[in-house]
Amino acid sequence: QVQLVESGGGLVQPGGSLRLACAQSGRTLRFRIDGMGWFRQAPGKEREFVASISWSSGSTNYAGSVKGRFIISRDNARNTMYQQMNGLKPEDAAVYYCAMGDVRPVANLYEYWGQGTQVTVSS
């Protein structure tokens, strides 16, 4: 069974940086699920698409609110997806979720989800 384990969340000051990681383990019950992405959810708000990546091609997609500040990447050999987050703003504070199953900015298209990791942006 697929497991997605996230790390890298924490407290950072505005303008600071964090690097999230999502380690994949177990079997997908398919040959390969190509798409992975990051979503976030702040208190009182719906889950929001952040970024996605094609595992095979490396093609990326970003929400307009994070484009130019966040960088999604993957390490195929380690089955790990990353998200480098630079220039963090208070509005970036949320629980960030790793997801697998698609690359489109729609949460219900993704089949597997991590437990989430908290990102707090505060002075």
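A brief structural summary. (Residues numbered from 1 in each chain as written. Predicted model: local features only at pLDDT ≥ 70, side-chain atom pairs only at ≥ 80, totals over all residues. Heavy atoms only, no water.)

Counting residues in hydrophobic clusters, the biggest one holds 32 residues, and the most contacted among them are Leu4, Met36, Trp38, Met81, Met85 and Tyr96. For this core, the elements supplying multiple residues, two or more each, are strand 3 (18-25), strand 4 (35-41), strand 5 (48-54), strand 7 (70-75), strand 8 (80-85), strand 9 (94-100) and strand 11 (117-121). Looking at this core element by element, the count peaks at five residues for strand 9. (Core = buried A, V, L, I, M, F, W, Y, C linked by side-chain atoms within 4.5 Å. Buried < 20%, exposed > 50% of the residue type's maximum accessible area, 1.4 Å probe, protein only. Helix = DSSP H or I, 4+ residues; strand = E, 2+ residues; numbered from the N terminus.)

Turning our eyes to something else, we now look at the sheet that holds strand 8. Overall, antiparallel pairing links the four strands, which are arranged 1-3-8-7 in an open sheet. The strands lining the two open edges of the sheet, one partner per strand, are strand 1 (3-7) and strand 7. On average, each strand axis in the sheet is inclined to that of its neighbour by 15 degrees, with strand direction left out of account. (Pairing = 2+ DSSP bridges. Axes fitted to C-alpha atoms, helices over the stretch in contact; angles between N-to-C directions.)

Note that Ser59 resides in the loop between strand 5 and strand 6 (60-62). Ser59 sits in the partly exposed class, given a relative accessible area of 45%. For Ser59 and Gln3, which are 56 residues apart along the polypeptide, the C-alpha to C-alpha distance reads 23 Å. Once residues lying within four places of it in the same chain are set aside, the contact partners of Ser59 are Ser52, Ile53 and Ser54. Polar contacts involving the side chain of Ser59 include one to the side chain of Ser57, which spans 3.1 Å. (Contact = heavy atoms within 4.5 Å. Polar contact = N/O pair within 3.5 Å; in protein donor to acceptor, adjacent residues only side chain to side chain.)

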